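Geometric and topological summary
One-letter residues, chain by chain:
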Amino acid sequence: MKTLIENMRNGVDEAGIRRAGELLRQGGLVAFPTETVYGLGADALDAEAAAKIYRAKGRPSDNPLIVHIADWDAIGRIAADIPTEAKRLADAFWPGPLTMILKKSEVVPFATTGGLETVAVRLPDHEVARALIRAGGGYVAAPSANTSGRPSPTKAEHVAQDLDGVIDMIIDGGDVEIGIESTIVDLTEGRPTILRPGYISREMLAGVLGRVEVDRALFAEDEHLRPKAPGMRYRHYAPRAQLFIVEGAQQRVRETINARAAENAEKGRCTGVIGTDESQDYYANALVKSIGSRTDESSIARHLYSILREFDESEVSVIYSESFDTPQMGQAIMNRLIKAAGHQIISV
Ligand code: AMP
Ligand code: MG
């Protein structure tokens, strides 16, 4: 299959959106930019189209898709018994990087929800995304546009690396703004519960709803605790090289990483380091990549996945990453990094 590329780096191109919408209505797959990461879209109400997403990504069929809408009013058709919390959250955070789990209506096929009676819904804060959703019929199922097991794509080139020749179209909207997937909050069982941390923090949600829980399984080392979001149960991504997170006082972290890099160099092994603008000059004997300034968490979130992809193209056999316990997105950033590291953490 030839994958068409539509350039919308400068915003919505009406003719291109019409072509893309037509592809979605015919059951095709279109990758598109959102403010979080690139999504791989299909008509969410068409079971066969949704099934194509799983095939293209190599995604386990029990890992449900998020349904993207372009207007609040669209929610009534796909969700049932919508609690008042949903509207309050939508007023506060939509369009934006928040996904809500609600009871699904009859029209949403189980192919889209991975067999669940619930549906995940999000209204993205991206003009191109919303134009595409409207042109495609109003309901676009879209997980991240990577092959399963690879880091989520934060630019169109990442999508092409994984899915060129496999999907109908890629809409190139340039680099995404946030770089980490949406916060998922479950509104179907008792107290609202975060199933996946993201840009919208627990404190921000609590500011609207009062108390908000966090799925205990997310940060537990105990593998018997099963995360409620099926996708959080899978090993999301592991780089080719071994990845270790080094946490502790800044100076000790730098010394530890340098000592290890020196040892590796003696053995003829290449070391990678994920550092910051502040620390990068400190490191020796390593391929050092700065994730941005330690004081700018949006830069850290935005660069995390592309740095992991870059290391896969290098010769390094082991990577040490500093730890990024930032104020708003720290949980989300560390959740992704810890998964990529397979929980290998060195405390110093
Ligand atoms: P992705 O778009 O690749 O980030 O994947 C979507 C995420 O949403 C996965 O972690 C899914 O497990 C989660 N998700 C989607 N629908 C539901 C649902 N009905 N209940 C719980 N989690 C869901
Ligand atoms: Mg994903």
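Residues numbered from 1 in each chain as written. Chains lettered and ligands numbered in written order. Predicted model: local features only at pLDDT ≥ 70, side-chain atom pairs only at ≥ 80, totals over all residues. Heavy atoms only, no water.

Before going further, it helps to spend a moment on the overall build of the chain. Counting its secondary structure elements, the chain contains 11 helices and 17 strands. A compact globule built from 348 residues would reach a C-alpha radius of gyration of about 20 Å, and the chain, at 20 Å, matches this within 12%. Overall size of the chain, expressed as C-alpha extent along the three principal axes, is 60 × 50 × 35 Å. The long-range fraction of contacts in the chain, counting pairs at least 24 apart against all pairs at least 6 apart in sequence, stands at 68%. One finds the centroid of the 40 positive side-chain charges in the chain at a distance of 3 Å from the centroid of its 49 negative side-chain charges. (Helix = DSSP H or I, 4+ residues; strand = E, 2+ residues; numbered from the N terminus. Rg over C-alpha atoms; globule rule 2.2 N^0.38 Å. Contact = heavy atoms within 4.5 Å. Lys, Arg positive; Asp, Glu negative; His and termini not counted. Charge placed at Lys NZ, Arg CZ, Asp CG, Glu CD.)

So, on to the site of ligand 1. In the vicinity of ligand 1 lie 20 residues, with Asn-63, Thr-118, Pro-143, Arg-196 and Gly-231 positioned nearest. Arg-196 is positioned with one of its side-chain polar atoms (N or O) 2.5 Å from an oxygen atom of ligand 1. Coverage of ligand 1 by the protein chains reaches 94% of its 490 Å² of free accessible surface. For the shell around ligand 1, the secondary structure elements donating two or more residues are β7 (118-122) and β11 (193-196). Take the shell around ligand 1: its biggest share by element is 3 residues, from β7. (Near = heavy atom within 4 Å. Polar contact = N/O pair within 3.5 Å; in protein donor to acceptor, adjacent residues only side chain to side chain. Areas by Shrake-Rupley, 256 points an atom, 1.4 Å probe, with all protein chains shown as cover.)

Turning next to the environment of Thr-112. With respect to the secondary-structure elements, Thr-112 resides in helix α5 (residues 110-113). Residue classification places Thr-112 among the buried positions, given a relative accessible area of 0%. Spatially, the C-alpha atom of Thr-112 lies 21 Å from that of Ile-170, the residues being 58 residues apart in sequence. When near neighbours in sequence (up to four residues on either side) are disregarded, Thr-112 contacts Ala-44, Ala-50, Tyr-54, Pro-64, Leu-65, Val-67 and Ala-141. Here the side chain of Thr-112 touches Ala-44 through a polar contact of 2.7 Å, landing on its backbone oxygen. (Buried < 20%, exposed > 50% of the residue type's maximum accessible area, 1.4 Å probe, protein only.)

Glancing now at unusual backbone geometry. Following Trp-94, the chain continues into Pro-95 via a peptide bond in cis, with omega recorded as -5 degrees. Structurally, Pro-95 can be placed in the loop between α4 (84-93) and β6 (98-104). Even without glycine at this site, Asn-285 takes up a positive phi of about 60 degrees. Along the chain, the position of Asn-285 falls in the loop between β14 (271-275) and β15 (287-290). Residues other than glycine seldom take positive phi values, yet His-343 does so here, at roughly 65 degrees. Structurally, the position occupied by His-343 is in the loop between α11 (330-340) and β17 (345-347).

Further remarks concern the pattern of salt bridges. A pair can form between side chains of opposite charge whenever their charged atoms are brought close. Counted under the stated rule, the structure contains 17 salt bridges. The salt bridge partner of Arg-134 is Asp-71, with a shortest N-O separation of 3.1 Å. Of this pair, Arg-134 sits in helix α6 (residues 127-135) while Asp-71 sits in the loop between β4 (66-68) and α3 (75-78), and the two are 63 residues apart along the sequence. On the basis of relative accessibility, which here comes to 36%, the residue Asp-71 falls in the partly exposed class. Lys-155 is the partner of Asp-175 in a salt bridge, and the nearest nitrogen-oxygen pair spans 3.8 Å. Of this pair, Asp-175 sits in the loop between β9 (169-172) and β10 (183-186) while Lys-155 sits in the loop between β8 (140-141) and α7 (156-163), and the two are 20 residues apart along the sequence. The exposure class assigned to Lys-155 is partly exposed, which follows from its relative accessible area of 25%. Each of Arg-150, Asp-162, Arg-309 and Asp-312 takes part in a single network of salt bridges with overlapping partners. (Salt bridge = Lys/Arg side-chain N within 4 Å of Asp/Glu carboxyl O.)

Owing to its 3.6 residues per turn, the α-helix aligns residues three or four sequence positions apart on the same side. Under the 1.5 Å per step criterion, the end-to-end length of helix α1 (residues 14-25) is 16 Å for 12 residues, consistent within 8% with the ideal 16 Å. Within α1 the residues assigned to the buried category are Gly-16, Ile-17, Ala-20, Gly-21, Leu-23 and Leu-24. The buried residues of α1 occupy an angular sector of 155 degrees when projected down its axis, which confines them to one face. Facing away from the buried surface of α1 by more than 90 degrees, the exposed residues are Glu-14, Arg-18 and Arg-25. Just past α1, the residue Gly-27 takes up positive phi, approximately 90 degrees. (Expected span 1.5 Å × (residues − 1). Arc of directions from axis to C-beta.)

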